[in-house]
Structure formats: structure tokens, C-alpha cells
Amino acid sequence: MSIADLFEEICCDSEAQPGGSGDRTVVEGLELQMQFQSAQTSQFVKHSLAPLKHHDGSEVTLSWRTFERCDPKCVSNVLTQIDDRGVLSNRVPNRRMNLRRYKLDEHRDICTRRSQGVVWAINRKQKIIHMITSARTRFPLMTARGLARDIIVAHLHKIGWTTLHAGMVQLGDRNYLIVGNGGQGKTSLILALMRGGAKFFANERILVKKLGNEVHALPFPMSVAVGLGTALNFRSLTELCEKSESLLVPQNRLDARTLKKTARADWPSRDDKLLLLPGELCDALGTRLHVAKPKIDGILVPSLNKSGSFNCKDIDQDDLSKLLRRNVIRKSKERHYPDWMPLGMDPEPKDEKSICSPLEKLPTQKIEFYGFSETGLPEEIANLSESLEHQFEF
């Protein structure tokens, strides 16, 4: 069987599958129509993309369609045929994702993730993706979301949006970008502010664009990863660590069996991460999801202070400039580069200066804090909203 025949076998009957459910997302002129045979996949992808569904009223200029079905026989046949033929010259591997992409021609690819039992066919000319799974397990959900995310992010980058390694919350009526290198305490500060009433917008990555004299933001569709040491400071998150099967996100970074045998006092020494969708995180902490497309009013730079003190300081302009540019997502930075490459659409930023320069002009404070007190929230962080209003002098 030729590779072209395999492509047609993957696409065969996907659009005519009985049952299932559909979903439609519109983001900045892009329309994404998705049809799922699996109710579990449908629910997961819908909740993952929910923060992006602001429907800004822009005219639809680009449409993609995706179809998902379970067909173990087809998946087995595709994987066997491709491996037997040893299609190596046209193979583009991504070891981090265990992804193999086989180019059929300029517009058509077959992609496989053997570890998850998933194959999909891409037709860029017709703007259609057919995804086939070998079993109704939870892990193919990540591939389904990855495909939707790839389409959305590639489109947003083409129209001038840039992805930053940063988070964001709405505190009072102000929207604060929270930017810092890995391990500086972004997630800890965001969770502390949420318990103080802040609305969650993003944790690890965010899309930004200069509109007029303002910089606006969109949430990046991904899960929130919370370390066990941080989770221990929140009763609801601690309980979710022990009952992670109730979450929609496949917990591929949490060893639930070992965790049950581990004393809570030893949790901080483990590398496990609890994964939640943004809506699940907000429900757990009793706050709301910020779903608008807001402008960024200021920047907070977290810094964990082991001395136990809490300080709000000014940050040197050159240091801020370097920090922002260092946290623009690029392929050369493997640690922060997300798994969004199943389509081979390269979302590299074209002009870092155009987005970083206006951000550098925003009011900025460096927040030195020591994590959490015995009650889980330092009094200073609880009162940070009022403090920032005076410090930033809007």
C-alpha cells in the first residue's frame, strides 16, 4: 500500500462518523470547527479552548476543520505499513513529543505518535485534519488539543501576536503581566494573588500584541502545572493531588500510586506536577477565569526571597529589557518551547523589539517574597492590590 493510499485510509469516513459532538471556536478571524467521536476528547478540548472564546466580532478570514474517531485497525495498519516501508528520507522527528511526520507532498502529511496509538492526516490546502486513535484512553486527548492549539497559535503569530513565557492576573481593575525566568516564583505569586481575589488569566505562557498605544493579551491554551510543594499550601489543591483522577487533564507528570505512599512532609522533594485546566484551577481556589482580551496595565517580576522578607522594588530598565527578550518563546530555547509542532507550522516571532519595547514602558515592580506563611498567604501579598495602586500611580 502506498503512502497516498494510507493517507486516504485515515481520511476515509471521518466526516460521516455517527454520534459524537462538535465544537466551534473563533479567534481573531480564525474559525476552527471540530468534530469528535469521543465525548471525553470533546469535553477536554472544549474546556482547554474555553478561555479563548471571546468572539470579538472580527470577520472570519480562515477556516480549519478537524475530525476525530477511534479506529484501532486503521491505526495498526498505518503504523505497520509505514514502519515496513521505512519511510526515512521524508521523516521529520520530534523526540520530545515522540512525533514522526511523513511528508506526502507539499500540502499533505501523515503524523504518528506510536506511544499514544494516534495517527493523523493533514491537508493544508483543504485546511482539514483527520485524527485516528487506537483506543479510548485519556492520553490522545493531549494530541487532539495540540492540533487545535497548533492551528490557533500559528494563525495568531502570522497576524502579529507573540508568545511570552509569562503569566497574568487581573487584580482589582488592573491587569498585571507576571514575567520571570524559570524557578523565580511566577506560579507561587499567581496562586497567592488568586487566593487574595485576583482573576486568573494565564500561568506559563501568554500571547501579546501591540494595538495602538496599548499591549493586549490572549491566554495560551495549555494546562497549569503546580508543584507538590506549592500545592500543599492550598487544601483544595492538596486534595486534588490525592484524587487526580477526577481532573480532565491526563496526569502524565504525577505518579499517583507513589504519591499515596509518600508522607506529605516529603512531597516538596518530589518532581511531580499536578496538571489542571484553567477552569479547574479557578474552581479549586474559588476565583474566576478572566476571559476578556485585556490590555496589560503593569508588570510584576517575582523573586523568591529565602531571607523571609517581603519587598516591592523598582527594577532597572536594562534588566527588564533583557528579562522580556529572554522570555520571548523561540525554538532555540528548548526548555520553554511548547509542544505545538504537529503541523510543522513554525510560529517563530518575527520582531521581538516591536512587542518588548512597549512593554518596557509599563509600570513595573519587582516583588520579593518568601512564598507562603503558615496560613498560606503572606499578609503583604493579600494587601498587594492597594500597595500597587500607590506604587504604580496610574
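Everything numeric here is computed off the predicted structure, so don't read it as measured data. (Residues numbered from 1 in each chain as written. Predicted model: local features only at pLDDT ≥ 70, side-chain atom pairs only at ≥ 80, totals over all residues. Heavy atoms only, no water.)

(A) The pairing of strand 3 (residues 62-70), seen in detail. With seven bridges connecting them, strand 2 (residues 30-36) and strand 3 associate as parallel partners. Residue pairing across strands places Gln33 opposite Arg65, the latter belonging to strand 3. Sheet topology places strand 3 next to strand 8 (residues 128-133); six bridges connect them, and they run parallel. The residue bridging Cys70 from the neighbouring strand is Thr133, located in strand 8. (Pairing = 2+ DSSP bridges. Helix = DSSP H or I, 4+ residues; strand = E, 2+ residues; numbered from the N terminus.)

(B) Main features of the sheet that holds strand 13 (residues 206-211). Across the sheet, three strands lie side by side as 9-13-14; this open sheet has antiparallel pairing. Every interior strand has two partners, whereas the edge strands, strand 9 (162-164) and strand 14 (214-219), have only one. Neighbour-to-neighbour, the strand axes of this sheet turn through a mean angle of 40 degrees, independent of strand direction. Bridge analysis of strand 9 against strand 13 gives three bridges, and the strand direction is antiparallel. Note that in strand 13 the partner of Leu164 across the bridge is Ile206. Its contacts with the sheet put helix 4 (residues 140-158) on strand 9, strand 13 and strand 14, and the angle it makes with strand 9 is roughly 115 degrees. Those strands touched by helix 11 (residues 352-360) are strand 9, strand 13 and strand 14, and its axis lies near 85 degrees from that of strand 13. (Axes fitted to C-alpha atoms, helices over the stretch in contact; angles between N-to-C directions. Contact = heavy atoms within 4.5 Å.)

(C) Representation of the packing of aromatic side chains within the structure. Considering all chains together, one arrives at zero aromatic pairs under this definition. The ring of Phe7 carries the charged tip of Arg108 above its face, separated from the ring centre by 5.2 Å. The side chain of Arg264 reaches across the aromatic face of Trp267, ending 5.9 Å from its centre. (Phe/Tyr/Trp six-rings, centres within 6.5 Å; stacked < 30°, edge-to-face > 60°. Lys NZ or Arg CZ within 6 Å of the ring centre and 35° of its normal.)

(D) Up close: the pattern of salt bridges. Taken as a whole, this structure holds 11 salt bridges when the rule is applied. The residue Arg69 makes a salt bridge to Asp71 at a minimum N-O spacing of 3.5 Å. For Arg69, a relative accessible area of 3% gives the class buried. We classify Asp71 as partly exposed; its relative accessible area is 23%. Among the ionic pairs, Glu360 bridges to Arg325, the shortest N-O distance being 2.3 Å. With Glu360 in helix 11 and Arg325 in helix 10 (residues 317-326), this pair connects stretches of sequence that are 35 residues apart. Classification of Glu360 by relative accessible area gives buried; the value is 15%. Judged by relative accessible area, which is 25%, Arg325 ranks as partly exposed. Salt bridges sharing common partners tie together Glu8, Asp105 and Arg108. (Salt bridge = Lys/Arg side-chain N within 4 Å of Asp/Glu carboxyl O. Buried < 20%, exposed > 50% of the residue type's maximum accessible area, 1.4 Å probe, protein only.)

(E) Up close: helix 4. With 19 residues, helix 4 extends 27 Å between its outermost C-alpha atoms, agreeing within 8% with the 27 Å of an ideal straight helix rising 1.5 Å per residue. Here helix 4 lies mainly inside the structure; 18 of its 19 residues are buried. Of the residues flanking the end of helix 4, it is Gly160, one or two places downstream, whose phi is positive at about 105 degrees. (Expected span 1.5 Å × (residues − 1).)

(F) Inspection of unusual backbone geometry at higher detail. Within the chain, Glu28 stands out as a residue other than glycine whose phi angle is a positive 50 degrees. A positive phi angle, close to 60 degrees, is found at Lys127, a residue other than glycine. Its location among the elements puts Lys127 in the loop between strand 7 (118-123) and strand 8. Classification of Lys127 as partly exposed rests on a relative accessible area of 25%.

(G) Spotlight on the sheet that holds strand 17 (residues 298-304). Read from one edge to the other, the open sheet built from six strands follows the order 12-10-11-17-19-18, with strand pairing classed as mixed. Edge strands, defined here as strands with exactly one partner in the open sheet, are strand 12 (199-202) and strand 18 (311-313). Each adjacent strand pair in this sheet contributes to an overall mean axis angle of 30 degrees, direction not counted. In this sheet, strand 19 (residues 364-369) lies alongside strand 18 in antiparallel orientation, the contact comprising three bridges. Paired with Asn311 across the two strands is Glu368, which belongs to strand 19. Along the sheet, helix 5 (residues 186-195) makes contact with strand 10 (166-171), strand 11 (174-179), strand 12, strand 17 and strand 19, crossing strand 10 at roughly 15 degrees.

(H) Local environment of the side chain of Asp23. Locating Asp23 in the fold gives a position in strand 1 (residues 21-27). Here Asp23 falls in the buried class, since its relative accessible area comes to 13%.

(I) The nonpolar core, seen in detail. Membership of the largest hydrophobic core comes to 35 residues, with the highest contact counts inside it found for Leu32, Phe44 and Trp120. Elements with a minimum of two residues in this core: strand 2, helix 2 (39-49), strand 7, strand 8 and helix 4. Counting residues per element, this core draws most heavily on helix 4, which supplies nine residues. (Core = buried A, V, L, I, M, F, W, Y, C linked by side-chain atoms within 4.5 Å.)

(J) The arrangement of the environment of Val208 in detail. Here Val208 lies in strand 13. Residues Val208 and Leu164, 44 residues apart in the sequence, show an inter-C-alpha distance of 7.4 Å. Other than its neighbours up to four places away in sequence, Val208 contacts Gly160, Trp161, Thr162, Leu164, Val215, His216, Ala217, Ile296 and Ile355.

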